[in-house]
Amino acid sequence: MIRLRRITKFFGRNQVLKDIDLTVEKGEVVVILGPSGSGKTTLLRCINYLEKPNAGEVAIGELAVDCKRPSKKDIQALRRKTAMVFQHYNLFKHKTALENVMEGLVVVRKLAKEEARERSVRVLEKVGLGDKLDAYPSQLSGGQQQRVGIARALALEPEAILFDEPTSALDPERVGEVLEVIRNIAKEGITMIVVTHEMGFARDVANRVVFMDGGVIVEEGDPKIIFSRPKEERTRQFLKRITPEANYSI
Amino acid sequence: MKLDPAFIWTAFVKLLSAVPTTLFITVVSVAAGFLLGTAIALFRIYKVPVLGPLSAGYVTFIRGTPMLVHLLLIYYGLPAVIDGVSAAFGWSFRSVSIPYVVFALIAFTITASAYLSEVVRSGLLSVSSGQLEAAYSVGMTTPQAIRRIVFPQAFAASIPNLSNSFIGMLHGSTLAFTVSVVEINAKAQIVASTNWKYFEAYIAAAVIFWGLTVLIERLAGVLERKINIYNRGGVA
Ligand SMILES: Nc1ncnc2c1ncn2[C@@H]1O[C@H](COP(=O)(O)OP(=O)(O)O)[C@@H](O)[C@H]1O
Ligand SMILES: [Mg+2]
């Protein structure tokens, strides 16, 4: 489904991604963990070319794009096969919740207005915002905004949805409502790559956990195994820092 | 000197006939200057080779020289260029057949384009990169993203500056009288020339300009409230 091969990314002289290989199967939910600055966001953004990798190959389905010489058409195609949910929501500020969801359907997918509206309303109802169709982002709470962001991604019916720390900008009491929505989507069998620090979510929902550090994938595997018996010392250290109960014994 | 209040009213009524000319010059030069200024702003923001640096030079030159100088340069320079080109190609067209107002329109468009390019540029830079990224993430092309997402937000943020520029150009349009265009200011001079009541005539002109300015401010205010309903934040 998604195949990343030898993805390399530099910011100036700083190599942020080092020969990353990652394959995600259709319907799989992959959670990416790792300390801040390890390259998780950059990796996710390389998949839809918000960041241009310096070398490697990004493939989604039949479409394989060599990062050395991607054409505009290739980049466009990769973006149309994916959708992204951003840490800071990035809703279109000047559009209502409904318009935010409709925008891509009308402008990019060329759906008729009525059809786009119907589909958008349906998806917004699914994320529990059927009563907020005409609200502007500035009139919504963080949790509601992020649910619009998820609806915007979902409505496009992409082959995969990329989530970049979807709950880390939220007040703690809003995290649950957004995770709940993501959990429900995961059950529908949509391919997802989720960068998150929510361990409970990773344990329950992920088919696979990928641990990154310093621009490389240190270890990946079944969440039960990674969380209980990580092979690598770096993974162990990270999990120890991030899981509070592990610290009680000190 | 004795003030003749009755003549202020007489002049006021007579000056009204020049209001359309003033508005025409202002609106056309602001509209054309806005389009040109937008292109200039995009060349600069996207660092287009050749056009980008050229635009930057153009903006510093135009903003660094008075509006009256632009008008005089166009008024005296353009006919020579046009006649030269026309002669070289053997056309019968001569610059004398160009109405004076056209020189004013061209010169003021140039003036406005430089100032408005800065207004547009700051408006565009006020839109966060996350908006553009979100547009890309749903599959939009760059032109689609700029047209649908960036421009509307930049425009909303620019309304106060646009309104200021518009008022500046309205007041600046009085310079057109130097190339024999009868706008409000020139009309005041004409109206007063028969009886030397210049003070009264210019009071009437001032009142008209003030009224037009207030009108522009009001319209901008209404537009801003209408367009900015999505913006609940800010310091206000
Ligand atoms: N646009 C950028 N320009 C320069 N450096 C960047 C940029 N984006 C990210 N980086 C750097 O790349 C590294 C990885 O960042 P990121 O992918 O955001 O990590 P993570 O999401 O895991 O916290 C960091 O060292 C960060 O400073
Ligand atoms: Mg990140």
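None of these values were measured; they are calculated from a predicted model. (Residues numbered from 1 in each chain as written. Chains lettered and ligands numbered in written order. Predicted model: local features only at pLDDT ≥ 70, side-chain atom pairs only at ≥ 80, totals over all residues. Heavy atoms only, no water.)

*Asks:* Hey, could you run me through the pattern of salt bridges in this one?
*Replies:* Two side chains carrying opposite charge are able to pair once their charged atoms lie near each other. The tally for this structure, following the rule as stated, stands at 22 salt bridges over all chains. With a closest N to O distance of 2.3 Å, R208(A) and E220(A) form a salt bridge. Remark: E220(A) occurs in strand β10 (residues 216-221) and R208(A) occurs in strand β9 (residues 208-213); sequence separation between them is 12 residues. E220(A) gets classed as partly exposed once you look at its relative accessible area, which sits at 34%. Of the charged contacts in the structure, one is a salt bridge between R234(A) and D213(A), with a shortest N-O distance of 3.6 Å. Remark: D213(A) occurs in strand β9 and R234(A) occurs in helix α9 (residues 233-242); sequence separation between them is 21 residues. Judged by relative accessible area, R234(A) falls into the partly exposed class, the value being 42%. Here the salt bridges do not stand alone but share partners, grouping R44(B), R63(B), E118(B) and R121(B) into one network. (Salt bridge = Lys/Arg side-chain N within 4 Å of Asp/Glu carboxyl O. Helix = DSSP H or I, 4+ residues; strand = E, 2+ residues; numbered from the N terminus. Buried < 20%, exposed > 50% of the residue type's maximum accessible area, 1.4 Å probe, protein only.)

*Asks:* Just to check I follow, could you spell out helix α4 (residues 67-88) of chain B for this structure?
*Replies:* Along an α-helix, residues three or four apart share an orientation, since each turn contains 3.6 residues. All names here are of chain B. Helix length check: α4, at 22 residues, gives a terminal C-alpha distance of 31 Å against a target of 32 Å (1.5 Å per residue), a fit within 8%. Of all the bends in α4, the greatest reaches close to 30 degrees and is centred on G77; the proline P79 follows between one and four positions later. Every buried residue of α4 is accounted for by M67, H70, L71, I74, Y75, P79 and S86. Of the surrounding secondary structure, the elements contacted by the buried residues of α4 are α3 (51-63), α5 (100-125) and α7 (142-172). (Expected span 1.5 Å × (residues − 1). Bend = angle between axes of the 7 residues up to and from the residue. Contact = heavy atoms within 4.5 Å.)

*Asks:* Explanation requested: the pairing of strand β1 (residues 2-11) of chain A in the structure shown.
*Replies:* Residues in a regular strand project their side chains so that they alternate between the two faces of the sheet. Residues and elements named next belong to chain A. Bridge count between β1 and strand β2 (residues 14-24): seven bridges; the pairing is antiparallel. Bridged to F10 within β2 is Q15. Remark: two residues form the turn of the hairpin made by β1 and β2, two consecutive strands paired antiparallel; G12 in that turn has positive phi of roughly 60 degrees. Strand direction decides the pairing type here: β1 and strand β4 (residues 55-60), joined by five bridges, are antiparallel. If you follow R5 over to β4, its bridge partner there is E57. (Pairing = 2+ DSSP bridges.)

*Asks:* Please explain the confidence of the model for chain B as it appears in this structure.
*Replies:* A low pLDDT means the predicted coordinates there should not be read in detail. Counting all residues, the mean pLDDT for chain B is 94, and 97% of those residues have values of 70 or more. This complex was scored by the predictor with a pTM of 0.87 and an ipTM of 0.94. (pLDDT = per-residue confidence, 0-100.)

*Asks:* When you look at the site of ligand 1 in this model, what are you seeing that I'm missing?
*Replies:* Residues and elements named next belong to chain A. Lining the immediate environment of ligand 1, one finds F11, N14, V16, P35, S36, G37, S38, G39, K40, T41 and T42. Contact distances for ligand 1 include 3.0 Å between an oxygen atom and a backbone N or O atom of G39. At 2.8 Å, a side-chain N or O of K40 approaches an oxygen atom of ligand 1. Going through the elements one at a time, β2 and α1 (40-47) are the ones with two or more residues in the shell around ligand 1. When residues in the shell around ligand 1 are grouped by element, the largest group, three residues, is from α1. (Near = heavy atom within 4 Å. Polar contact = N/O pair within 3.5 Å; in protein donor to acceptor, adjacent residues only side chain to side chain.)

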